[in-house]
Amino acid sequence: MRMVLLGPPGSGKGTQAQLLAQRLGVPQVSTGDILRAAVREGTPLGLRAKGYMDRGELVPDELVVELVRERLQRPDCAGGFILDGFPRTVAQAEALEDALREQGRALQAVVYLRVDDQEVVRRISGRRSCERCGAVYHVLYDPPREDGRCDRCGGRLYQRDDDREETVRARLRVYEANTAPLVERYRAQGLLREVAGQGTPQEVLGRVLRALGVSRDA
Ligand code: AMP
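Small disclaimer: the values here were computed from a predicted structure and weren't measured. Counting starts from 1 at the beginning of each chain's written sequence and moves along it residue by residue. Whole-chain, interface and lining totals are the exception, using all residues; otherwise, since this is a predicted model, local features are given only for residues with pLDDT of at least 70 and side-chain atom pairs are given and counted only at 80 or more. Water and hydrogen atoms were dropped before computing side-chain values, which therefore reflect all heavy atoms in the structure.

(A) Highlighting the site of the ligand. Proximity is defined per residue: if any heavy atom of the residue lies within 4 Å of a molecule or strand, that residue is considered near it. The full set close to the ligand counts 16 residues, and Thr31, Arg36, Glu57, Gly85 and Gln92 are the nearest of them. The term polar contact refers here to a pair of N or O atoms within 3.5 Å; inside protein, the definition further demands a hydrogen-donor-capable atom paired with an acceptor-capable atom, and it admits residues adjacent in sequence only when both atoms are side-chain atoms. Between a nitrogen atom of the ligand and a side-chain N or O atom of Arg88, the distance comes to 3.0 Å. Here an oxygen atom of the ligand and a side-chain polar atom of Arg171 are 3.2 Å apart. Computed on the free molecule, the ligand has an accessible area of 480 Å², of which 96% lies beneath the protein chains in the complex. Elements are defined by DSSP. Helices are runs of H or I of four residues or more, strands are runs of E of two residues or more, and each kind is numbered from the N terminus. It is helix H2 (residues 31-41) that provides the largest number of residues to the shell around the ligand, a total of four residues. Throughout, the ten residues Ala, Val, Leu, Ile, Met, Phe, Trp, Tyr, Cys and Pro are labelled nonpolar, Asp, Glu, Lys and Arg are labelled charged, and all others, Gly among them, are labelled polar. When grouped by side-chain class, the residues that make up the shell around the ligand number six nonpolar, four polar and six charged. Using a 1.4 Å probe, accessible areas were evaluated by the Shrake-Rupley method; residue-level cover was limited to the displayed protein chains.

Right under this line is the structure:
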């Protein structure tokens, strides 16, 4: 399955990408996770990206496009991938189409997770991420078994700097201006599958799988 998860910050893209990756056996490619790792490691990419991320702005297209292009060429993406947080602009969507065309491939589906702004703020304020593997939790809706520890790898859970309320509002504005237009683009291409994003991760996963035409127990 070659697919994109689209939706505002806090719509559950990371959580669903993680569940879908396990369920479908293809990698999750999260530009946010890759950029955060680069910032942590202090690589040249990380140094260039950090300021934009701290302000809730988009990292310039050419940086992100290059990292996705390189990532999709790795062998583990041969059988498909789940893009999470990319594309976020029309230019990125065009670059993705070009990169896949060069490889003789194309996207098969774009899942659009719909949630309202109030729900976004509720979710993001309780969100905690694993500093080691990037797994995402929510203190109320999806807590880890042990407080502050990742169920998957035992890593420490932390609150992302850009999950502060003021930055979240900036990210929502950036989403409306730059990313929301992609919904119509993918609808016109016949790729869009709209899914209601409220409810537990498992409830949303069930809807996503149905929208993709994948049986839940297969
Ligand atoms: P995310 O984890 O997807 O919410 O991404 C966190 C931050 O990383 C965003 O607010 C942007 O600053 C940056 N970022 C992630 N993906 C992209 C992208 N496709 N284009 C530009 N910036 C991105």
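(B) The arrangement of the side chain of Ser30 in detail. Structurally, Ser30 can be placed in strand E2 (residues 28-30). Take Ser30: its relative accessible area is 6%, and that puts it in the buried class. A polar atom in the side chain of Ser30 sits 3.0 Å from the backbone nitrogen of Asp33. The classification of residues rests on relative accessible area computed with a 1.4 Å probe and restricted to protein chains. Under 20% of the type maximum is buried, over 50% is exposed, and intermediate values are partly exposed.

(C) Fine view of H2. Residues Thr31, Gly32, Leu35, Arg36, Ala37 and Ala38 constitute the buried set of H2. Only heavy atoms matter for contacts: two residues are in contact if any of them lie within 4.5 Å across the pair. Where H2 is buried, its residues meet E2, helix H3 (44-55), helix H4 (61-72), strand E3 (81-84) and strand E7 (157-158). Positioned one or two residues after H2, Gly42 has a phi angle of 65°, which is positive.

(D) Spotlight on the nonpolar core. Working definition of a nonpolar core: buried Ala, Val, Leu, Ile, Met, Phe, Trp, Tyr and Cys residues. They are joined through side-chain atoms within 4.5 Å. Membership of the largest hydrophobic core comes to 30 residues, with the highest contact counts inside it found for Leu72, Phe81, Leu83, Leu96, Leu107, Val110 and Tyr186. Secondary structure elements with two or more residues in this core: strand E1 (2-6), H3, H4, E3, helix H5 (90-102), strand E4 (109-114) and helix H8 (181-188). Looking at which element gives the most residues to this core, the answer is H4, with six residues. With near-sequence residues (within four places) excluded, Tyr186 lies in contact with Leu6, Pro87, Ala93, Leu96, Glu97, Leu107, Val110, Leu191 and Leu192. Counting residues in each nonpolar core, the second largest holds 17 residues, with Ala21, Val26, Ile82 and Val208 among its members.

(E) Seen up close, the pairing of strand E5 (residues 127-130). Direction of pairing for E5 relative to strand E6 (residues 136-138): antiparallel, over a ladder of three bridges. Bridge pairing links Ser129 to Val136 in E6. The turn linking E5 back onto E6 is made up of five residues, and Gly134 within it adopts a positive phi angle of 85°. Strands were regarded as paired on the criterion that DSSP finds at least two bridges between them. Bridge analysis of E5 against E7 gives two bridges, and the strand direction is antiparallel. Bridged to Cys130 within E7 is Leu157.

(F) Up close: the state of the cysteines. The disulfide criterion is simple: two cysteine sulfur atoms within 2.5 Å. Taken as a whole, this structure holds zero disulfides when the rule is applied. Looking at Cys77, it has no disulfide partner, and the nearest cysteine sulfur is the one in Cys133, 18 Å off. Note on Cys77: relative accessible area 0%, which makes it buried. Unpaired in terms of disulfides, Cys133 finds its nearest cysteine sulfur in Cys150, a separation of 3.7 Å. Looking at Cys133, the relative accessible area reads 29%, which means it is partly exposed.

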